[in-house]
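# Understanding the architecture of this molecule
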Amino acid sequence: MAVRVVIGGQWGDEGKGRLVDLLARDARAIVRYSAGNNAGHTVINERGEFALHLIPAGIFYPGKVCVISNGVAIDPAVLLKEIEGLESRGVSTENLVLSDRAHVIMPYHVAIDRADEALRGKAAIGTTGRGVGPAFVDKVGRLGIRVADLVDPKALRTRLEFVLPYKNAVLERLYGAEPLDFTAVYECYRDYGERLGRYVRDTALLLHEIMGDGGDILLEGAQGSLLDLDSGTYEYVSSSVPSSTAAGAGVGAGIGPTEIDEVIGVYKAYMTRVGNGPMPTELLDETGDILRMEGPRPEIGTTTGRPRRCGWFDAVASRHSALVNGVTMAALTRLDVLDRFPTIPVCTAYRVDGKLITTLPASTSIFARAEPIYEELAGWQADTSKVRNLADLPEQARAYVRRISELLGVDVGIISVGPERDQAIFVRAGEAP
Ligand code: IMP
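Everything in this summary refers to the structure shown in the same document. Only a predicted model underlies this, so the values are computations on that prediction, with no experimental measurement involved.

Once that is clear, we can look at the site of the ligand. Residues in contact with the ligand amount to 16 residues; listed here are only the nearest, D13, N38, T128, S238 and R306. Here N38 contributes a side-chain N or O atom positioned 2.8 Å from an oxygen atom of the ligand. Take V274: an N or O atom from its main chain is 3.1 Å from an oxygen atom of the ligand. Its free accessible area being 470 Å², the ligand has 97% of it covered by the protein chains. Partitioning the shell around the ligand into residue classes produces 6 nonpolar, 8 polar and 2 charged.

Let us look at the side chain of T384. Mapped onto the elements, T384 comes out in the loop between β18 (371-378) and α13 (395-408). On the basis of relative accessible area, T384 is assigned to the buried category, the value being 0%. Apart from residues no more than four positions distant in its own chain, T384 is found in contact with L335, D336, D339, L393, P394 and V417.

Tallied over the full model, the rule gives 7 aromatic pairs. Ring geometry for F162 against Y166: centres 6.2 Å apart, planes inclined by 70°, an arrangement best described as edge-to-face. Of this pair, F162 and Y166 both sit in helix α6 (residues 153-174), 4 residues apart, which is roughly one turn of the helix. For F162, a relative accessible area of 42% corresponds to the partly exposed category.

It is worth spelling out the sheet that holds strand β2 (residues 29-32) at this point. Spatially, 10 strands are ordered β9-β7-β5-β2-β10-β1-β11-β15-β19-β20 in an open sheet, and the strand pairing comes out mixed. Unpaired on one side and paired on the other, β9 (200-201) and β20 (424-426) mark the two borders of the sheet. Bridge count between β2 and strand β5 (residues 65-68): 4 bridges; the pairing is parallel. Bridged to R32 within β5 is I68. Those strands touched by helix α8 (residues 203-212) are β1 (3-8), β2, β5, β7 (96-99), β9 and β10 (217-220), and its axis lies near 145° from that of β5.

So, how was this worked out
Residues numbered from 1 in each chain as written. Predicted model: local features only at pLDDT ≥ 70, side-chain atom pairs only at ≥ 80, totals over all residues. Heavy atoms only, no water. Near = heavy atom within 4 Å. Polar contact = N/O pair within 3.5 Å; in protein donor to acceptor, adjacent residues only side chain to side chain. Areas by Shrake-Rupley, 256 points an atom, 1.4 Å probe, with all protein chains shown as cover. Nonpolar A, V, L, I, M, F, W, Y, C, P; charged D, E, K, R; others polar. Helix = DSSP H or I, 4+ residues; strand = E, 2+ residues; numbered from the N terminus. Buried < 20%, exposed > 50% of the residue type's maximum accessible area, 1.4 Å probe, protein only. Contact = heavy atoms within 4.5 Å. Phe/Tyr/Trp six-rings, centres within 6.5 Å; stacked < 30°, edge-to-face > 60°. Pairing = 2+ DSSP bridges. Axes fitted to C-alpha atoms, helices over the stretch in contact; angles between N-to-C directions.

Here it is as structure tokens:
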């Protein structure tokens, strides 16, 4: 029995869904353990291309248990749409289970998310506007509505009778927004609860049953560790409790930390970021456009459709996330996007006010002034998309992977060279890039 966690090592969109799709083969259960439908995975397999927001990427393997666990905030409308979208394309959701302890994103969360961004003005976070942050604020503030309430009409009514007037007061008095109608919200969410009821159970117990039976578990993080409330680039982070880092996986799934065997950190071969906040290696020129648009899949957000900010690999920020997650193996994705460059800069330190720093500053104002110090690595200018063995990668590409691995302080075990399931190189034990 093994429990593995897959986390994003940067600002999200590192290709975790693609990795989970690959690794799910060996697992009995695949679990989404944090965040909400602010996350988005694109998975391409023999059935086509799919955008997933809440359902674990293991859903494409028949017979695997796919769990949305207690740490996730779910928008029932989004989840039902995702279920219907998969079913209509012949992907069964029979083995999907939803935790009765997961929190529910309500319409006032979406309204508050947008109103709050407007109120922040220039200091806006650039959220996905899906109500995820406000739902976690309510979780911590003990105002949340959980799936256990959603599927019990009486409990839902009682809870909503207290929470909705409270939230309407916030909407009206703080944001000057329209209040929501009790009957409309109650009836709509009661119906969602009725439709989702068949998926709901105590998922922590289910996972422990599977583990007791010797089954492997794959815990799928959402977003990236640099968006984490504690370890990330605060305040330009995502609100999720528990955190999307490896340490949050146990809390979010109801599994103790002693049960976790492996932490796989997924890193893109360069950096991307959506939303606001400092990004020292961001390229605002034509090279940034090339990184964004010239790969087989353009760098456009799966959830919001926003173009991603692109830049060179930032080893300072990435090493920070390897450290705080206890990453045991790194997966390097989208190496093929770098195929055309004659040289590839990697940021190994920052210069701030004339001083060199090699660790991620806590202060946003310092991070905003950080200028990247680059080490120039030789490009390979050859097509890597068809390479399946490490030995067949051009020497410069191997040197690039080797250097990233040194800078992260972690071995790179998987390299992806394209979006298709088979476009991956597994580094065998004893084989070094
Ligand atoms: P929120 O999670 O919608 O509150 O947004 C907070 C920040 O996290 C914004 O910069 C979002 O763009 C970013 N963010 C949230 N989810 C993801 C994700 O899955 N990928 C990349 N960025 C994300």
